[in-house]
Every structure is written in structure tokens, then in C-alpha cells.
Amino acid sequence: AVDAECMLVSTDEGKSWETLVERPFGEDVTLSGERAMLSVDGAVVLGFEDRAKATPWNWSEETHDAPGATLPTCAARSLDGKTWTDVQTLYTDWNGAIRTMIRTKSGRIVFTTMKMLHHPGRHGVLTCGSDDGGRTWSESNLIDFGGNGHHDGAIESTIVELKDGRLLMYLRTNWGQFWRAESRDEGRHWHPLGPAGVDASAAPGQLFRLRSGRIMLLWNRAYPEGGGEVPLRGGDHNWSATPVSNFRDELSVAFSEDECESWSAPVVLARKADTWLAYPYVFEAEPGVVWITTMQGGVRITLREKDFAG
């Protein structure tokens, strides 16, 4: 595991963690809470943001933009978790999120990321891909939904590889549901397809293929289970151009048996009033045993697939 100050290792199935190495990239690199890591052929590949080299966030409520803001997106690889090579800055535009990293059937590594766009200020989504185990990287085309606000545009995406080789992306939007995009060339180019039909708060989801073949989705729905209104946020061209639900008091899960064409009924895994339980991560510790954590709210759950999917 990786934290802002150190690399961590567990020898007791995650019950406790010890520091493997402190400041693996030196004193002048500070990892943000947004990062993704993957084990590939004996190496660990990491995509991360370097907050130490970010310029101050300078959003202006008058111009509705942050033209001078930067937050570099970086990548690195390691054979032991202690020493890191191929440490590189991929781009310096302000990056709001790195949510998912996968390895395709061909061996290509792809992770989701973002860029701040300007005039007016908003975000766009892209992926970075590597065909040589994380030594070199290239960017995809950028998905731009328009909008205006420091939480507007195409935001915080997650991806999964489908059985036919396509990559499917779910993107956070301010339109009450995820939007879908797909790639037919392993993340080199993305084609937005429109609404995904899954109601969602303005918060990121996480797609994850289990070893059983099922695909799992973790996310915050737009409204509480059973219905009810929530305060809307935005509509001022600072948070967003349109008012949006930012409800995060419940973390839900659903499963797909047909490659994300349909989903099982959502089940609420965690609920706490007036608390953000959001930004989920997934790790399948053993077949059918899934660890779920969140960056917001401190959720720590072990889920057994057989209890939720037949």
C-alpha cells in the first residue's frame, strides 16, 4: 500500500501495516490522496499526483476559472516497493483524480486521470497507457463535457475491460447519473456514448471485475435509499453550472452479469448521516472476498461475493 509519506506492507492479511520505506521518492515529492497502484509481472506500477510541485489553487469566483493552477501527474515502477525507477512527470495540468488502474488481456496498463480546462474553468477526463510495464506512457484523447465550475465537466472516471476487449468507462457528471464512454483500442481513444442509466450523486464510482467474472460497481446514489430530497449544490458557475446532488451519506454496491448492460438492485453497504462515505477502492484479497475502503469517511469492509450475488 502507498501513503503520502511512505510505502506500507502487511503480512497478516491487512490486519496491521508496517512502514516499508519512508519518502520513497525523496523529500521533494508528496503523494496526494488520489493514486492507483497495480502489481504487474513482479513489478509495482504507480500513478500519482505530486502535491509538492503543485502551484496554489487560484479559482476566481469572478472569472469562474483557475488559469494558473497546476498539479503534476506522475508515474513510477518498483521491483521491491522500496526503490523506484522510471519516475516521470506525465503532465503538469491540475489533476483532480486518479481513480482506477487496470491491466488489459494484452498486458497494456491503463489508468484514469483528469486535466483542468480553461475559458471557462472545468475538468476533462483522459487515460494514460503503457505497453512496456510502466516504463513509458502515452495519453489518450480528452473527454470534455463542457460546463463551468471547479467541480464541473467530465470528472473522476473508472474503467473495466469487457470480455470482448472493449474498455468501458463510467464518468462522474453533474447530471444525476454516470455517463458511459468506450474504447476499442485499449484506452488509446475514447468515444463518449451518453448516459449510463445508473443514478449517481456528484461523486465517483468504482468498477471492478471479480475473479468470478462478475463486474462490481461501488458508488454514491443521487438520493437516499427509499427516496427523499437532498440539498442541491452548484448552479453558480463556481461549483458547477447546474445544481446537482452531492449526496454521499450512503455507499452502495451492485453487480452485473452481462458486462454492465444491467445491474442488480443496489444494496447500501454503509450509511452515516451527514458524513461523506465516498471515493471507494476495491481489492479482491482472495476469490470472492473483497476489501472495500473509502478515501472519505474511513469505510473498511470485507464483503463476501456469495452473500450478494448468486
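Calculation rules
- Residues numbered from 1 in each chain as written.
- Predicted model: local features only at pLDDT ≥ 70, side-chain atom pairs only at ≥ 80, totals over all residues.
- Heavy atoms only, no water.
- Core = buried A, V, L, I, M, F, W, Y, C linked by side-chain atoms within 4.5 Å.
- Buried < 20%, exposed > 50% of the residue type's maximum accessible area, 1.4 Å probe, protein only.
- Helix = DSSP H or I, 4+ residues; strand = E, 2+ residues; numbered from the N terminus.
- Contact = heavy atoms within 4.5 Å.
- Pairing = 2+ DSSP bridges.
- Axes fitted to C-alpha atoms, helices over the stretch in contact; angles between N-to-C directions.
- Phe/Tyr/Trp six-rings, centres within 6.5 Å; stacked < 30°, edge-to-face > 60°.
- Lys NZ or Arg CZ within 6 Å of the ring centre and 35° of its normal.
- Salt bridge = Lys/Arg side-chain N within 4 Å of Asp/Glu carboxyl O.

Caption draft 1: Expanded view of the nonpolar core. Formed by 16 residues in total, the largest nonpolar core has its most connected members in M216 and I292. Contributing elements (two or more residues each) for this core: β16 (215–219), β19 (250–256), β20 (267–271), β22 (289–296) and β23 (300–304). Top contributing element to this core by residue count: β19, with three residues. When neighbours within four sequence positions are excluded, I292 is seen to be in contact with L218, L251, L269, Y281, V299, R300, I301 and L303. Membership of the second largest hydrophobic core comes to 15 residues, among which are A97, V125, F145 and L171.

Caption draft 2: Just the sheet that holds strand β4 (residues 43–50), in detail. Pairing in this open sheet of four strands is antiparallel, and the strands run β3-β4-β5-β6 from one edge to the other. Looking at which strands have only one partner, the edges of the open sheet turn out to be β3 (31–40) and β6 (84–93). Strand after strand, the sheet turns through a mean of 15 degrees between neighbouring axes, direction not considered. Bridge count between β3 and β4: seven bridges; the pairing is antiparallel.

Caption draft 3: Local environment of the pairing of strand β5 (residues 70–78). Across the nine residues of β5, eight count as buried, placing the element largely inside the fold. In this sheet, β5 lies alongside β4 in antiparallel orientation, the contact comprising six bridges. By the bridge assignment, G47 is partnered in β5 with A75. In this sheet, β6 lies alongside β5 in antiparallel orientation, the contact comprising six bridges. Residue pairing in the sheet places R77 in a bridge with T85 of β6.

Caption draft 4: Main features of the environment of G68. Secondary-structure assignment places G68 in the loop between β4 and β5. Each C-alpha atom of the pair G68 and K163 lies 42 Å from the other, and the pair is 95 residues apart in sequence.

Caption draft 5: Quick peek at unusual backbone geometry. Residues H119 and P120 are joined by a peptide bond in cis, for which omega reads 5 degrees. Of note, D41 is a non-glycine position whose phi angle comes to about 50 degrees, a positive value. Along the chain, the position of D41 falls in the loop between β3 and β4.

Caption draft 6: Expanded view of the packing of aromatic side chains. All chains considered together, the criterion is met by 12 aromatic pairs. Residues F25 and W84 carry aromatic rings whose centres are separated by 5.4 Å and whose planes lie at 55 degrees to one another, so their mutual orientation is tilted. One end of the pair, F25, is in the loop between β2 (18–22) and β3; the other, W84, is in strand β6, with 59 residues separating them in the sequence. Take W84: its relative accessible area is 12%, and that puts it in the buried class. Plain terms: the ring middles of F283 and W291 are 5.5 Å apart, the flat faces sit at 50 degrees to each other, and that makes the pair tilted. Looking at F283, the relative accessible area reads 48%, which means it is partly exposed. An aromatic cluster of at least three residues, connected via ring pairs, comprises F25, F48 and W84. The ring of W239 carries the charged tip of R233 above its face, separated from the ring centre by 3.8 Å. The cationic tip of R248 hangs over the ring face of W276; the distance from NZ or CZ to the ring centre is 4.2 Å.

Caption draft 7: How the structure looks around the sheet that holds strand β21 (residues 278–286). The three strands lie next to each other as β21-β22-β23, forming an open sheet whose pairing is antiparallel. The open sheet is flanked by β21 and β23, the only strands paired with a single partner. For this sheet, the mean inter-axis angle between neighbouring strands, taken without regard to orientation, is 25 degrees. Bridge count between β21 and β22: seven bridges; the pairing is antiparallel. Each residue of the ladder has a partner; that of P280, found in β22, is T294.

Caption draft 8: How the structure looks around the pattern of salt bridges. Within this structure, the stated rule accounts for 22 salt bridges. With a closest N to O distance of 2.6 Å, R172 and E156 form a salt bridge. Remark: E156 occurs in strand β11 (residues 155–161) and R172 occurs in strand β12 (residues 167–172); sequence separation between them is 16 residues. In this structure, R172 and E156 share a single accessibility class: buried. Residues participating in the shared-partner salt-bridge network are R108, D131, E186 and R188.

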